[in-house]
Every structure is written in C-alpha cells, then in structure tokens.
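# What the coordinates show
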Amino acid sequence: MGKLEEELENYFDENYLPMHMPGHKRNIKLLGEKLPYKIDITEIEGFDDLHHPEGIIKEIEEKAKKIYKSKKSFILVNGSTCGILAGIRSVVNYGDKVLVARNSHKSVYNAIEINCLNPIYVLPKIDKYGINKNIKADDIENILEKNKDIKLVIITSPTYEGVLSDVKSIVNIAHKYKVPVLVDEAHGAHLSFMENSNFEALNCGADIVIQSLHKTLPALTGTAILHIKGDLVKEEDVRRELSIFETSSPSYILMSSIDECLDLIERNGEKLFLDYQENLKYFYNEAKALKKLKVLGNELLEKNLYDFGKIVVITKNTNITGKELSDILRKDYKIEVEMSSNYYIIAMTSICDSKESFERLLNALKEIDLKLEEVEDNTVSYKIQLPKKEMTINEALESKNFKLENYKNLEGKISKEYIFAYPPGIPIITPGEVFDKNIINIIESYIKSNIELISTFNKFPNIKIVVKK
Ligand SMILES: Cc1ncc(COP(=O)(O)O)c(C=O)c1O
C-alpha cells in the first residue's frame with residue numbers, strides 16, 4: 001500500500017464529516033466498494049475510445065444526453081477545466097471580443113490568455129458579506145448593444161456560493177444578437193434533479209454548458225460533462241478542441257464513475273433527491289434558531305435564484321471570522337468544510353449526506369453559536385469597480401520588463417500576475433491591470449483574515465509588476 005493510500009485509509013477511519021467536495025462523500029454504504037484498481041484499464045479492444053466513441057463510451061454519452069436533455073453531451077475526465085477551455089476555443093478565433101462575468105473561474109481567464117481574447121467584463125454586485133450576486137440580463141444587453149463584435153457570452157451559474165443567474169433572460173438577449181452563451185455550471189450538475197429549479201442552463205437554452213459531476217453529485221474527482229444545445233455551436237468543433245485539451249489517456253475509473261453516477265440518478269434519483277431536499281429543508285428550518293451565525297439561504301430575498309445545496313454560514317457581526325469558524329469545526333467537531341472566507345464558510349452538501357450528517361453540522365453550529373458574541377462590524381465594504389486596464393493580459397504576461405515589488409508598494413503599478421484567493425480562484429487583479437487602493441484593501445483584508453492568496457508566479461507577498469520603458 002502506498003503512503004498516500006495509507007494516509008487516506010487512516011483519515012477515513014477517523015470519521016471526519018466531509019462537508020465538501022467530492023460529492024460521493026466517501027459514502028461506501030450507498031455506492032459500494034467496487035472502484036478503483038480492478039477496472040483501471042486503457043483503451044483496449046472492446047472498450048471504445050473517449051475521443052472517437054462508438055461503443056460503450058458512446059452509450060454513456062447518450063445516457064447523459066437523455067438525462068440532461070441536451071443536443072449532445074461529452075463526458076470529461078479532466079474536470080470542468082478542460083470543458084471550459086475546449087468550449088470557449090470551439091467558438092472563438094484568436095483576438096475575438098468576449099463578454100465575460102468578472103467572477104469567472106481561472107480556467108476562463110486561461111482561455112482568454114491562450115486565445116488572446118479581448119474580454120469585456122460584466123460585473124456582478126457584491127453583497128455585504130463579500131459574495132458575488134447574480135449577473136443581470138440588462139447589463140448583458142447594454143454591453144452587447146455597445147459591442148456588436150462580441151463572439152461569446154461567458155457566465156457562471158450557480159456560483160461557488162450557490163448564487164444563480166436568470167440564465168433564460170441572458171440567453172434570450174444574447175441570442176437576439178446571435179451570440180452563443182457558455183455557462184460554467186461546474187457547481188450545478190445536480191440542479192436538474194431539484195424541485196422548482198428553473199435556472200439550469202440547458203433548460204434555459206444555453207449553447208454550451210459545463211458541469212463538474214464530482215462537485216455536487218456522487219462521482220469521483222475529475223469527472224465532468226460538457227453539453228451543447230441549439231445550432232450556434234458545432235459538435236465537431238467541440239470534439240476537436242476536447243481532443244486538444246483533454247488527456248489522450250482517459251481514466252476508465254473516472255468514466256466508470258460517470259456511468260455509475262448517471263445510472264444511480266436514472267435508477268434511484270427521484271427518491272435520493274426527495275430525501276436530500278427534505279434534509280435541506282430540515283437544516284434551513286432548524287438553522288433559523290441560530291442567534292449570531294446566519295445561514296445565507298435563510299437571508300436571501302431572491303430565494304428562487306439560489307442553490308440551497310450550498311450551506312453558506314455567515315460569521316459577520318460575530319467575534320470570529322469564517323476562517324476561525326472552519327478551524328473550530330475541524331478541531332472540535334471533525335467537520336471539514338469546503339471553503340472559508342472573511343465573513344463566511346461554505347459547506348457543500350449532496351444526495352450522499354444523510355440526515356445524521358445535517359444534524360451533526362447543525363448541532364455543531366448551534367453549540368458554537370451559543371459561545372459567540374455579537375459585535376459591530378466596521379469594515380468598509382469593497383467598492384465594485386474594475387481596476388484600470390493598462391495593457392492586455394497577454395501583453396503583461398509576455399512583457400520582459402518587470403520587477404518584484406511587495407504588495408504594500410503596488411499602488412499605481414501594472415500587475416504582471418493574477419492574484420487569486422483560492423478557492424474559488426476568481427482573480428482580484430489580472431495581468432495588465434493597475435493596482436489601486438481598493439485592490440490593496442481587498443488584499444489586506446484577506447491577509448488579515450488568514451485567507452491564502454495565490455499569485456501567478458507564487459512569490460506572494462511579492463508581486464511581479466510590469467515596468468514601462
Ligand atoms: C466556478 C468553477 N468553474 C470551474 C471550475 C473547474 O472545475 P474542475 O475542478 O472540475 O476542473 C471550478 C472549480 O473549482 C469552479 O469553482
């Protein structure tokens with residue numbers, strides 16, 4: 001047994017409650033213990049070929065197409081990341097203008113970079129907890145009206161925190177301008193099976209939809225699906241790009257996992273999703289008793305534009321940060337959450353969480369809540385504004401004139417790097433943009449809250465800046 005495997009076995013025995021990805025939640029009672037080595041083969045005779053499927057793999061893709069009601073579904077073993085890279089590349093030419101939600105995942109920015117795209121950003125508002133709100137169809141329309149040469153609209157719905165956009169309205173507007181819409185639905189592979197869910201991107205007519213099965217469904221890490229719909233995107237173009245961005249040695253373990261996940265949904269999905277939603281209702285209802293901590297789903301006005309599968313617990317106005325809450329949950333309750341930020345934590349849930357799992361999280365939160373103090377929060381909220389763009393992402397990255405500078409001395413300087421808080425990997429600044437006071441305040445608030453910041457060249461707190469001649 002390898003060391004890592006041994007460590008993983010020991011970790012499993014310690015019975016941590018996994019309120020985070022992947023969606024299979026180590027629930028071997030439900031899923032069995034069949035995976036993985038016995039089925040780890042390569043593309044031998046009789047086992048089809050992911051890049052040109054004609055047999056058993058084609059059958060899995062047909063099943064995905066039927067379940068999700070797509071025109072064509074491609075199964076992926078390199079996560080949504082490869083689907084996003086291939087999906088964008090299948091539509092754009094080098095240098096094209098694209099409309100991009102600023103709160104996009106880094107894979108979207110990587111697609112911008114490798115295709116030398118010209119991004120026009122649409123900015124979601126940010127709520128009082130620092131959470132990106134949804135993308136407004138009106139904003140999309142304004143930008144498309146002013147930029148008739150836009151070739152693709154790229155948005156994320158739901159977001160990491162579960163915020164959904166009105167994809168239908170956005171798609172209707174984009175299609176009026178004959179522009180296809182790509183929805184990064186990495187966090188929404190389960191949405192089709194939830195009641196009252198009218199905002200799944202495929203159902204709303206999006207042209208390209210990418211979903212990570214591993215995030216919210218019982219499937220192994222790395223599994224995803226790219227769906228297409230309508231006539232604006234060609235199947236052959238997507239297939240060609242996937243053959244570039246996806247491994248030529250696809251894992252049969254991962255493909256088996258996709259197959260099993262889809263089978264489970266077909267066979268038992270109705271009951272599993274009913275139980276799951278009952279558990280969620282129970283959780284949100286009970287969570288109303290919390291006095292100092294708050295749960296985002298209970299606070300929202302637009303409840304129909306939210307994925308309740310994400311449990312976002314707010315610590316603002318208490319004497320602890322989100323990071324501190326996640327530390328307490330880990331140390332005192334053996335609950336590991338998906339992510340923590342200044343003002344909140346995200347606990348991810350799925351059909352693999354039992355009623356007991358929800359109770360365990362709930363009881364821990366109730367106990368912690370009793371010990372917390374209510375405090376005034378004087379933090380100035382971030383301004384929602386884009387930093388000034390001095391050069392393109394590619395020009396900054398390719399620039400040979402640069403130096404390292406401490407983040408405290410960055411005001412007015414041009415970044416050669418992305419800076420991300422990870423997760424979720426949304427950039428605070430991109431290469432070619434100019435540091436201003438707002439950006440530096442954001443960086444400082446992350447540092448103060450012990451949130452890890454990652455920069456392109458990994459030298460944070462020093463950052464490469466472009467020196468103009
Ligand atoms: C919004 C969003 N899109 C895309 C991705 C990439 O997904 P994957 O890890 O399946 O490649 C992530 C991953 O965290 C994400 O949060």
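Residues numbered from 1 in each chain as written. Predicted model: local features only at pLDDT ≥ 70, side-chain atom pairs only at ≥ 80, totals over all residues.

A word on the overall build of the chain. The secondary structure content of the chain amounts to 15 helices and 19 strands. For 469 residues, the compact-globule estimate of 2.2 N^0.38 gives 23 Å, and the C-alpha radius of gyration of the chain, at 22 Å, lies within 12% of that figure. Projected onto its principal axes, the C-alpha coordinates of the chain cover approximately 60 × 60 × 45 Å. Buried residues in the chain amount to 45% of all 469 residues. Put simply, of all contacts in the chain between residues at least 6 apart along the chain, 72% involve residues at least 24 apart. (Helix = DSSP H or I, 4+ residues; strand = E, 2+ residues; numbered from the N terminus. Rg over C-alpha atoms; globule rule 2.2 N^0.38 Å. Buried ≥ 20, exposed ≤ 12 C-beta atoms within 10 Å, placed from the backbone. Contact = placed C-beta atoms within 7 Å.)

The strands that make up a sheet are held in pairs by hydrogen bonds between backbone atoms, and each pair lies either parallel or antiparallel. As summarised here, the arrangement of the 7 strands in space is β2-β8-β7-β6-β5-β3-β4, forming an open sheet in which the pairing is mixed. Looking at which strands have only one partner, the edges of the open sheet turn out to be β2 (72-76) and β4 (118-122). Neighbouring strand axes in the sheet, compared pairwise and without regard to direction, differ in orientation by 20° on average. Bridge count between strand β3 (residues 97-101) and β4: 5 bridges; the pairing is parallel. Across the sheet, lysine 97 pairs through a bridge with asparagine 118, a residue of β4. Running over the sheet, helix α4 (residues 79-89) touches β2, β5 (150-156), β6 (181-184), β7 (208-212) and β8 (224-228) and is turned about 170° from β7. (Pairing = 2+ DSSP bridges. Axes fitted to C-alpha atoms, helices over the stretch in contact; angles between N-to-C directions.)

Of all hydrophobic cores here, the largest spans 92 residues; its most connected members are Val153, Ile154, Ile170, Ala206, Met255 and Ile258. Element by element, the count of residues in this core is highest for helix α10 (residues 252-287), at 7 residues. For this core, the domains that each give at least three residues are domain 1 (32-262) and domain 3 (393-466). Every residue in contact with isoleucine 170, bar those within four places of it in the chain, is listed here: Ile135, Ala137, Ile140, Val153, Ile155, Ser165 and Val181. (Core = buried A, V, L, I, M, F, W, Y, C linked by C-beta atoms within 7 Å. Domains from an automatic or database assignment.)

Attention now goes to the site of the ligand. Close contacts around the ligand come from 13 residues, with Gly79, Ser80, Thr81, His105 and Ala186 the closest. Among the elements that make up the shell around the ligand, the one with the highest residue count is α4 (3 residues). Tallied by class, the residues present in the shell around the ligand amount to 4 nonpolar, 8 polar and 1 charged. (Near = placed C-beta within 6 Å. Nonpolar A, V, L, I, M, F, W, Y, C, P; charged D, E, K, R; others polar.)

Attention now goes to the packing of α10 against helix α13 (residues 355-371). With their axes 10 Å apart at the nearest point, α10 and α13 run at an angle of 15° to one another. Classed by the angle they form, the pair α10 and α13 counts as roughly parallel. In this structure, the crossing between α10 and α13 has a hand that is right-handed. Each of Asn279, Tyr282, Phe283, Glu286 and Ala287 in α10 lies in contact with α13, whose residues at this interface are Lys355, Phe358 and Leu362. Of the residues in the contact of α10 with α13, the class split is 5 nonpolar, 1 polar and 2 charged. (Parallel < 35°, antiparallel > 145°, perpendicular 65-115°, else oblique. Left-handed = near helix turned anticlockwise from the far one by under 90°.)

Another point: the packing of α4 against helix α9 (residues 235-245). The packing of two helices is summarised by the inter-axis angle and the distance between the axes. α9 packs onto α4 with a crossing angle of 135° between their chain directions and a minimal axis gap of 8 Å. The angle between α4 and α9 places the two elements in the oblique class. For the pair α4 and α9, the crossing hand works out as right-handed. Facing α4, whose interface residues are Cys82, Leu85, Ala86, Gly87 and Arg89, α9 presents Val238, Glu241, Leu242 and Phe245. In the contact of α4 with α9, the residues fall into 6 nonpolar, 1 polar and 2 charged.

Domain parsing of the chain yields domain 1 (32-262), domain 2 (269-371) and domain 3 (393-466). Taken residue by residue, the interface counts 9 residues in domain 1 and 11 residues in domain 3. Along the lines of polarity and charge, the residues of the side of domain 1 that touches domain 3 split into 4 nonpolar, 3 polar and 2 charged.

Position of lysine 366 relative to the elements: it lies in helix α13. As for lysine 366 and methionine 194, which are separated by 172 residues in sequence, their C-alpha atoms are 27 Å apart. Ignoring sequence-local partners within four residues, the contact set of lysine 366 consists of Ala289 and Leu290.

One open sheet accounts for 4 strands, arranged β9-β10-β13-β12; its pairing is antiparallel. Only two strands of the sheet have a single partner each, and these edge strands are β9 (294-295) and β12 (339-340). One ladder, built from 2 bridges, connects β9 with strand β10 (residues 310-314); its direction is antiparallel. Note on β10: the bridge partner recorded for lysine 294 is isoleucine 314.

Of all the 11 residues making up α4, 11 are buried; the element is thus mostly covered by neighbouring parts of the structure. Turning to α4, its buried residues number three or more, namely Gly79, Ser80, Thr81, Cys82, Gly83, Ile84, Leu85, Ala86, Gly87, Ile88 and Arg89.

This brings us to unusual backbone geometry. With an omega dihedral of 0°, the bond running from serine 157 to proline 158 counts as a cis peptide bond. Backbone geometry places asparagine 15, a non-glycine residue, at a positive phi of 60°. As for its position among the elements, asparagine 15 is in the loop between α1 (3-13) and β1 (17-19). Look at lysine 334: it is not a glycine, yet its phi comes out positive at around 55°. Examined against the element boundaries, lysine 334 turns out to sit in the loop between α12 (322-333) and β11 (335-337).

For the chain, per-residue confidence averages 91 on the pLDDT scale, and 92% of positions sit at 70 or higher. Low pLDDT, under 50, characterises residues 1-5; the predicted model gives this stretch 1 contact beyond four residues in sequence or across chains. (pLDDT = per-residue confidence, 0-100.)

On to α10. Spanning 36 residues, α10 covers only 41 Å between terminal C-alpha atoms, well under the ideal 52 Å at 1.5 Å per step. Remark: the principal bend of α10, roughly 85°, maps to asparagine 268. (Expected span 1.5 Å × (residues − 1). Bend = angle between axes of the 7 residues up to and from the residue.)

Another aspect to go through is the pairing of β5. Moving residue by residue along a regular strand, the side chains alternate between the two faces of the sheet. Counting buried positions over the 7 residues of β5 gives 6, a clear majority of the element. Relative to β5, β3 runs parallel, the two being bridged by 4 bridges. Counted as the bridge partner of leucine 99 is valine 153 from β5. In the sheet, β5 pairs with β6 via 4 bridges, with the strands oriented parallel. Within β6, the position partnered with valine 153 by the bridge is valine 181. One crossover worth recording links β5 to the parallel β6 by way of helix α7 (residues 167-176), and it is right-handed. (Right-handed = clockwise from strand over helix to strand, strands pointing away.)

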